[in-house]
Structure formats: structure tokens, C-alpha cells
Amino acid sequence: MPLIELENVEKVYQMDGLEVPALRGVTLTIDPGEFVAIMGPSGSGKSTCMNILGCLDRPTAGTYRLEGVDVTTLHDTALARLRNRRFGFVFQSYNLLPRTPAVENVELPMVYAGVTDRRPRALAALDAVGLRARARHLPTQLSGGEQQRVTFARAIVMSPAIVLADEPTGNLDSTAAGEIMSLMERLSHQGMTIVLVTHDAEIAAHARRLVQFRDGRIVRDEPLRRRPERVGGPAG
Amino acid sequence: MNLAVTVRIAWRAIVANPLRSLLTMLGVIIGVGAVVAMVAIGQGARQAITEQVESLGSNLLTVFAGTQQFGGIATTGQVRTLTLEDAEAIQEEVPNVTGVSAELQRPAQVVFREQNVYTQVSAVTPQFPAVRNFHPAAGSFISDADMRRRAKVAVLGQTVAGELFPDTDPLGQQIKIRGVTFTVIGVMEPKGATGFFDRDDVVFVPLTTAQRRLFGIDYVRTIYVQVTSPDAMPDAQTGLGDLLRQRHRLGPTRDDDFSVRSQADVLQAFTGVSRTMTLLLGGIAAVSLIVGGIGIMNIMLVSVTERTREIGIRKAVGARMRDILVQFLIESVALSVSGGIVGILLGVVGSRLITRLAGWATLISPQAVLLAFSFAVAVGVFFGLYPAQRAARLDPIEALRHE
């Protein structure tokens, strides 16, 4: 059974009374264990697609089945539960809670899941991203790359079905970006399903499959060989 | 979501902005402090009045001239229906009466050499100390002989004695009341300033002397009647009522031209007045609590806006609307409860200070503290609900994009 099935998904935003289409019929299937890179110029609909995949937003039309279940009809509380247990989010701007130690940031999803042995699990997740020694550090005391690794620890701590990473290297220098990418490859090796949105063809090249968006549609969807020389398509 | 974690989150948000949190709490602090202090003053006054009324002597009936009433208390004014002869008749004819004190008060200037005070001249009979439980500490009180001779003798209250005779013994000294010379024969024991008036600021003279030589009148204002026991009070009350109607020649269709109050009635009237005062002061304080609540609501709305991104993060990792609602609600309640606790401390300290500096009796009642505290909690919930709902309803994507 596919993990994710989007069928003719449309999304229309209302802006000052104007209807702005962001997705114009997207059909996409992702199987468990895949490592998918989504590319496309700004406004092509890739972020909207990510938000819908992560149950942060609902499609205007079409169906979205997650593990065979239609989630378009689910209530807010059920969607919150899905975000909590089935998805791990990584954002370009890290989005860690300020004034909150790294380990407590990692504990956050478990707080909402009602998990009681949060501390050991959070420390294990930090260990997995190589930051156990920084558990008590505040986000402001961590480098950008370290903050992003904390975000990954938070994303994987609930053992989700899929990690959604929206421009995870967008704010990082190439060294830190390299660390993040090898982390993602390691996760992928361990069988984690990953969807990665990026502008950067070199970053996208780490994935096994490339989906290209343009004007709210998928214009290209092809497997990537291991580490090709160059990946085509406009970066914007 | 676990309550302890939520409380810790709320606490962290509060201490992250200490000055702002303090200023926000200030409204509640002042409100709760005011409620506690105001009620303490009201209750203290009530207790002081109760003690004072009880100290006047139990089993006491009070006969006022006239029947006008204000809150259960007869306001006698210039009604001239009661006389010394009425008092003597009550003493002789009403059963179970152990003592009768007829009294008349007028303010007057009292002079000793260069010293002069404006005080209350209380014209009384020799039975006054026994009936009113107020005795001379030095010298003697007015005697029956003084009454008969209309002797120009005076007994001073402590305050007057202290003001007129700061360093001399007042006994045997000559003072002038309204230009008439009196000899000081005694000084009363101190009764203290319970409630709002000083019971030692008084000069006692024989009733007959005052009527003839000072004021030129033949009536009295009040007759205090001491009865043997509380059980005998109702009979004595009807007995003296009948006697006075008969003496005043009131036909069956005429209303009484006097009114009789027992100590219980007086107490009840005073209690009613002080309860009204307590309610009034408490009401004013409650208004300031509501203002404090609006302050909390204001700052919570600011906080929701400032922390929009945090709300987005929480929603992204799985917080339900209810989790966010509870989080912000607990934060506003934590603000109001912290304010409430500080306010209670402030109110208690404030009441102590009032007692020490102004000499007013105050009484901190647990009910008032509990009431103020629950009100603070209610304010936190009520005024925190709208901002918390706003936070809970934020769209996660919008919230995450918020700068």
C-alpha cells in the first residue's frame, strides 16, 4: 500500500476576494521508504503541496489518502494527531521554541502525545543527530546547523511515517548543509520516508526521486540514480 | 497534555518578561489588596461597634424621644417628650428594672484658665456609672445630693482631663462651662476610642444642673433602663411602653412619642450600616479587579500576537486547539493568581498599617481572602478566554510564516 496518494488535488487561495490557484490538479504517490526531492520555482505550488502533505492545510478539491485513509474529511483534532504521530517537520528557519533547551524542544511532540518517558527518548533522538552533548543548550547557543539537527531530532522522536523537510539547508553554509544531507541520507538508509523541498539541485541530488513543480502542476517525476553529475531543471 | 508541563510553560512565559508581567498583575494586585483591606476595615469597624455596644452593658433598653427612624435608629433631634420624671416613674413602677439613667448631651465650650476645649457635655443622673458600666477612676461621681442641690460639679472624661490639665491634678479645680463655674469632683476611667468616636471626650454634670443652669430646658434625650435579665427584657419593654403612653396621655389612636430599643436592635442597626459600607467598599475594589482583568486580557492579546510563531510550531508538532487554549488560559490564570497572592499579602500588610497608623480596627476574615482570591482566578479565566481562543484558532501555516 502506498504511504501517500494525492489524486487531482487542487488548492485555491482567497486573496482580497481574488481566487489564486496554487495547485491545479496534482496526482502523486509516495511509497514507504522513498526519498523524494520536490523542486520548482517560487510560487510553483511546492510549498502548498508540502503543507497539504503534512496535514497543515486542506485541499480545495481532490483526495488525499494517507496509509489508505482519506484525510480530507478528518476533523482538526484528528489532523493534529496525525501531525503528532505520523509526520516530522523540518523547516528552513528551524522553528525551535526560544528560551527552551534543545532537549525540551525535542520533547515537545511527546508532550502532546502524552508520552511519559520523554527525557530518555529525547536524549536518544539527540544522540541520533550527534547532539547529545548539547541537550541543555538554548537555541541561541547553537549554530544554525546544530539548530537544524535539533529540529531533525524533534522530527524523528515520535518515529513518524514520514519526514517533511522544507528547505532544510536554506539558511546554512555548505559545510552545515552537507552535514544535514548526510543525516537525511542516513535516515533514508534506515528506512525513513523523506520528502524534501529545495531550490538547490545539488541538495536535491541526494534524493532518489525528483518531482518538479511548475504553475501548480507536476511537470516532471523521475527516479534519480545514485549521485548523478548534474540534475536538470531550473532552480529559482 | 500534562498539566505540570503546561504550568511550567506558562511560568516560563511570565518570567521571560518580568516587568511586563508585574505591570499586568498590578491591576489584580491592587484590586485584591483593596478588597482584602476594605473588607478588613469594614469587619473591624463592625467588630469594634459590636464590642462597644456590648460594653455599654447588657440587658439595656434605650428609650429615645420621638419616633423618627433612620436605618432602625431613632433620630431624636429636638423632640422634648421625655423628662426626668418619666425616668423616675420607670424606675419605680416597671417591674424587673434595676437602674435607670436619664441623659442629655449638648456640645459646649469648657474652659480652665487659658485652656479651652470644645467637647460634649453629658448631663446624667447618679445611676449613670452602674447602668452604663462607665465608672470614675479618681474622685467621685455625681451624687443624689448634687442632683437635689443642682450642684455645679463636673466629672471629666480622660481626654478632656488630659487637655485641660496636662500637668495639674484636676480634682477640686474650677472650670467654666458656658460661662458657669463648676468644680471638678472626679475623672472617669478611660473607655478608649472604639469605632470612630472618642468616648473619653466628654464632661459629665448633674442632669438637674444642666437643665436649669446651662441649657434652660426640662426634657432629656435618652433614658437607659437596665433590666435584671435578658428574659425579662420583653416584659420590661411593654411595661415601660404602657407606662410612658399613660404618662404622656396618649389616646389609643395616637402613635408613641418615644421609641424603645434593646441593645440587640442597636447592634443590628449598626451591623446593617457596616455591612452596607463593607459591600460598598468591596464593590469599588471589585471594579478595580475588573480593570485589572482588562489589563490581563490586553497583555495576553499582545502575547498571542508575539508568540504566533510558537503557536504555529506547537500546532505543527501536534498540539490540538484545546492544548493551545489551555496553555494560554493557564498563563492568564497564572498571572491573575500570582497577582492575587501578592494582593492578599499587600491587603494584610495594608490592614496592619492602617490599624497602626490610623488606629482603626481591622479584621482579616478568611472568607474575604478566599473571595478575593476566587475573584482573581475568575478574572484570569474570564479575561484570558478570548485571547486563548484566538491563539487556539490560529491557522498553523499562517502562524509558522509569522515574523
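This is a predicted model, so every value here is computed, not measured.

1. Structural notes on the overall build of chain A
So, step 1. The number of helices and strands found in chain A is seven helices and 10 strands.
So, step 2. By the compact-globule yardstick of 18 Å for 236 residues, chain A fits well, its C-alpha radius of gyration being 17 Å.
So, step 3. Considering only contacts in chain A between residues 6 or more positions apart, those separated by 24 or more positions represent 67%.
So, step 4. Of the accessible surface of chain A, which amounts to about 10200 Å², a share of 48% is contributed by carbon and sulfur atoms.

2. Describing the packing of helix H3 (residues 102-113) of chain A against helix H4 (residues 118-128) of chain A
All names here are of chain A.
So, step 1. Orientation of H3 relative to H4, taken along the N-to-C sense of each, is 120°, at an axis distance of 9 Å. Viewed along their axes, H3 and H4 adopt a mutual orientation that is oblique. Here H3 and H4 pass one another in a crossing that is right-handed. Taking contact as the criterion, the partners of Val103, Glu104, Val106, Glu107, Met110 and Val111 in H3 are, on H4, Arg118, Arg119, Arg121, Ala122, Leu123, Ala125 and Leu126.
So, step 2. Broken down by class, the residue content of the contact of H3 with H4 amounts to eight nonpolar, no polar and five charged.

3. Here we look at the pairing of strand E7 (residues 153-156) of chain B
Residue and element names in this part refer to chain B.
So, step 1. Burial along E7 is two-sided: Val153 and Val155 and Ala154 and Leu156, pointing in opposite directions, are all buried.
So, step 2. Bridge analysis of E7 against strand E9 (residues 180-188) gives four bridges, and the strand direction is parallel. Note that in E9 the partner of alanine 154 across the bridge is valine 184.
So, step 3. Sheet analysis places E7 next to strand E10 (residues 202-206), joined by two bridges and oriented antiparallel. Following the sheet pairing, valine 155 is matched in E10 by phenylalanine 204.

4. A closer look at the sheet that holds strand E5 (residues 69-70) of chain A
Residues and elements named next belong to chain A.
So, step 1. Pairing in this open sheet of four strands is antiparallel, and the strands run E2-E1-E4-E5 from one edge to the other. Each edge of the sheet is formed by a strand with only one pairing partner; in this case those strands are strand E2 (18-30) and E5.
So, step 2. Sheet analysis places strand E1 (residues 4-15) next to E2, joined by 10 bridges and oriented antiparallel. From the neighbouring strand, isoleucine 4 faces E2, where its bridge partner is isoleucine 30.
So, step 3. Its contacts with the sheet place helix H1 (residues 46-53) against E1, E2 and strand E4 (61-66), and it is angled at close to 115° to E1.

5. Observations concerning the packing of aromatic side chains
Residues and elements named next belong to chain B.
So, step 1. Scanning the entire structure with this criterion turns up nine aromatic pairs over all chains.
So, step 2. Centroid distance phenylalanine 112 to phenylalanine 165: 4.2 Å. Interplanar angle 45°. Geometry classified as tilted. Of this pair, phenylalanine 112 sits in strand E4 (residues 97-112) while phenylalanine 165 is found in the loop between helix H6 (158-164) and strand E8 (174-177), placing the two residues 53 residues apart along the sequence. Accessibility assignment for this pair places phenylalanine 112 and phenylalanine 165 in one class, buried.

6. Considering the interface of chain A and chain B
So, step 1. Taken residue by residue, the interface counts 24 residues in chain A and 24 residues in chain B.
So, step 2. Of the roughly 2100 Å² buried between chain A and chain B on both sides combined, carbon and sulfur atoms contribute 59%.
So, step 3. At the junction of chain A and chain B, the tally comes to one salt bridge.
So, step 4. Of the charged contacts, one joins arginine 12 of chain B and glutamate 104 of chain A as a salt bridge, the two residues approaching to 3.0 Å between their closest N and O atoms.

7. Brief notes about the domain arrangement of chain B
So, step 1. For chain B, the assigned domains are domain 1 (3-51 + 269-401) and domain 2 (80-256).
So, step 2. Taking the mean C-alpha position of each, domain 1 of chain B and domain 2 of chain B sit 53 Å from one another.

8. Side note on a nonpolar patch on the surface
So, step 1. A surface patch of nonpolar side chains, amounting to about 490 Å² of accessible area, comprises Leu19, Leu22, Leu23, Leu26 and Ile30 of chain B.
So, step 2. In this structure leucine 23 of chain B comes out as exposed when scored by relative accessible area, which is 53%.

9. Notes on the sheet that holds strand E6 (residues 87-90) of chain A
Residue and element names in this part refer to chain A.
So, step 1. A sheet is described by the order of its strands in space; here six strands give the open sequence E6-E7-E8-E3-E9-E10, paired in mixed fashion. Where the open sheet ends on each side, the last strands, each with one partner, are E6 and strand E10 (217-223). In this sheet, neighbouring strand axes are inclined to one another by 15° on average, regardless of whether the strands run parallel or antiparallel.
So, step 2. Of the strand pairs in this sheet, strand E3 (residues 35-39) and strand E9 (residues 209-214) are connected by four bridges, and their pairing is parallel.

10. Thoughts on H3 of chain A
So, step 1. Along H3 of chain A, 12 of the 12 residues are buried, which leaves the element largely enclosed by surrounding structure.
So, step 2. Within H3 of chain A the residues assigned to the buried category are Ala102, Val103, Glu104, Asn105, Val106, Glu107, Leu108, Pro109, Met110, Val111, Tyr112 and Ala113 of chain A.
So, step 3. Next to the buried residues of H3 of chain A lie helix H2 (76-85), H4 and helix H5 (144-156) of chain A together with helix H1 (3-16), helix H10 (308-316) and helix H11 (321-358) of chain B.

11. Focus: a negative patch on the surface
Residue and element names in this part refer to chain B.
So, step 1. A cluster of like negative charges, contributed by Glu85, Glu88, Glu92, Glu93 and Asp218, occupies part of the molecular surface.
So, step 2. With respect to the helices and strands, glutamate 92 occurs in helix H3 (residues 84-93).
So, step 3. Owing to a relative accessible area of 66%, glutamate 92 belongs among the exposed residues under this scheme.

12. Brief notes about the side chain of serine 351 of chain B
Residues and elements named next belong to chain B.
So, step 1. Position of serine 351 relative to the elements: it lies in helix H11.
So, step 2. Relative accessible area serves as the criterion here: at 1%, serine 351 is assigned to the buried category.
So, step 3. Once you skip the residues sitting within four places of it in the chain, serine 351 turns out to touch Val36, Ala37, Ala40, Thr362 and Ile364.

Analysis parameters
Residues numbered from 1 in each chain as written. Chains lettered and ligands numbered in written order. Predicted model: local features only at pLDDT ≥ 70, side-chain atom pairs only at ≥ 80, totals over all residues. Heavy atoms only, no water. Helix = DSSP H or I, 4+ residues; strand = E, 2+ residues; numbered from the N terminus. Rg over C-alpha atoms; globule rule 2.2 N^0.38 Å. Contact = heavy atoms within 4.5 Å. Areas by Shrake-Rupley, 256 points an atom, 1.4 Å probe, with all protein chains shown as cover. Axes fitted to C-alpha atoms, helices over the stretch in contact; angles between N-to-C directions. Parallel < 35°, antiparallel > 145°, perpendicular 65-115°, else oblique. Left-handed = near helix turned anticlockwise from the far one by under 90°. Nonpolar A, V, L, I, M, F, W, Y, C, P; charged D, E, K, R; others polar. Buried < 20%, exposed > 50% of the residue type's maximum accessible area, 1.4 Å probe, protein only. Pairing = 2+ DSSP bridges. Phe/Tyr/Trp six-rings, centres within 6.5 Å; stacked < 30°, edge-to-face > 60°. Buried area = accessible area lost by both parts, 1.4 Å probe. Salt bridge = Lys/Arg side-chain N within 4 Å of Asp/Glu carboxyl O. Domains from an automatic or database assignment. Patch = residues over 30% accessible without salt bridge, like charges linked within 9 Å, V, L, I, M, F, W, Y side chains within 5 Å. Lys, Arg positive; Asp, Glu negative; His and termini not counted. Charge placed at Lys NZ, Arg CZ, Asp CG, Glu CD.

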